[in-house]
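# Architecture at a glance
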Amino acid sequence: MSSHPHIVLPWVVRRTRLPLLSLRCVDCGSQSATTGEGRFRVNANGKLLDVWLLVRCVSCDRTSKLTVHERAPVRSFDPAELHGYRVNDPELVASTLLDPLLARRGRFTLDWTGAWRLDTPSARLDDAWPVRVEVVFDDPVPVRPERLIAHGLGLSRSEVVRRIKCDIPLHRSTRTGFTFTVMAGD
Ligand SMILES: [Zn+2]
């Protein structure tokens, strides 16, 4: 690297609410479901527990259950976790919904449209090129770097292609942190 950026800006991607689920409703055929406020159902059967996360079709309100634990021994649960299921702890609802394993088993994908934001520090970029930006993900929101950068810097897509140096492909969606460097404009 010949040029050493002397400014590093932190950008943070974080959710603003829970994402919807792209999940086909067996009643009305809608492709969208919500966890709403977030509710678990816990069913005890002897020493075994079933835990489900309840989701609701956004069109017809039909409720369905996503399996979180199936016939799991009660003593295999951390008491705090079990309490969390019983009181519908919002953090536990979020971590359960965002666990890729739940999506794979329940055959849904998360719909992040309108459910996240990008926080950027307000900084004047005019006289300090090149600038390095570190993007951190507080939540695993899939974003396309070229769109995120265009939005965050107020640049056109062609400017992004011309002025951004990045170690990951700009057009491919990612949900983990990356850094890029903004070169001076013409
Ligand atoms: Zn429905």
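Going by an unreviewed UniProt entry, the protein carries the name DUF1062 domain-containing protein and comes from Microbispora bryophytorum subsp. camponoti.

## What about the sheet that holds strand E3 (residues 32–45)?
Read from one edge of the open sheet, five strands run E5-E4-E3-E2-E6, paired in antiparallel fashion. Looking at the sheet topology across the chains shown, the edges are occupied by strand E5 (63–73) and strand E6 (109–111). Pairwise comparison of adjacent strand axes, ignoring direction, gives a mean angle of 40 degrees for this sheet. Sheet analysis places E3 next to strand E4 (residues 48–57), joined by nine bridges and oriented antiparallel. The residue bridging threonine 34 from the neighbouring strand is arginine 56, located in E4. Packed on one face of the sheet, helix H1 (residues 79–86) meets E3, E4 and E5 and runs near 120 degrees to E3. Along the sheet, helix H2 (residues 90–98) contacts strand E2 (20–22), E3, E4, E5 and E6; its crossing angle with E3, the most-contacted strand, is approximately 100 degrees.

## Side note on the pairing of strand E1 (residues 7–15)
Note that E1 and strand E8 (residues 131–137) share seven bridges and pair parallel. By the bridge assignment, leucine 9 is partnered in E8 with valine 133. Pairing geometry for E1 and strand E7 (residues 116–119), over four bridges, is antiparallel. Looking at E7, one finds that valine 13 is bridged to leucine 118.

## With respect to the nonpolar core
Of all hydrophobic cores here, the largest spans 23 residues; its most connected members are Val133, Val135, Leu148 and Phe180. Looking at this core, the elements that each hand over two or more residues are E1, E8, helix H4 (145–153) and strand E10 (178–182). Here this core gets four residues from one element, more than from any other, and that element is E8. Ranked by size, the runner-up nonpolar core spans 22 residues in total, among them Leu49, Leu53, Val68 and Ala72.

## Looking at the coordination of the zinc ion
On the protein side, the zinc ion has Cys25 (SG), Cys28 (SG), Cys57 (SG) and Cys60 (SG) as donor atoms, found 2.3 Å from it. The site at the zinc ion holds four donor atoms, and with the angles between them running 103 to 116 degrees, its shape is tetrahedral. As a motif over one chain, the donors of the zinc ion read C-x2-C-x28-C-x2-C.

## With respect to the sheet that holds E8
Sheet architecture is open: five strands sit in the order E7-E1-E8-E10-E9, paired in mixed fashion. The two strands at the open ends of the sheet, each matched to only one other strand, are E7 and strand E9 (164–166). Here the average twist between neighbouring strands, direction ignored, is 25 degrees. Across the sheet, H4 touches E1, E7, E8, E9 and E10, and the angle it forms with E10 is around 55 degrees.

Rules of the game
- Residues numbered from 1 in each chain as written.
- Predicted model: local features only at pLDDT ≥ 70, side-chain atom pairs only at ≥ 80, totals over all residues.
- Heavy atoms only, no water.
- Pairing = 2+ DSSP bridges.
- Helix = DSSP H or I, 4+ residues; strand = E, 2+ residues; numbered from the N terminus.
- Axes fitted to C-alpha atoms, helices over the stretch in contact; angles between N-to-C directions.
- Contact = heavy atoms within 4.5 Å.
- Core = buried A, V, L, I, M, F, W, Y, C linked by side-chain atoms within 4.5 Å.
- Buried < 20%, exposed > 50% of the residue type's maximum accessible area, 1.4 Å probe, protein only.
- Donors = N, O, S within 2.8 Å, 3.2 Å for Na, K, Ca; no water.
- Tetrahedral: all angles 85-135°; square planar, octahedral: opposite > 155°, others 65-115°.

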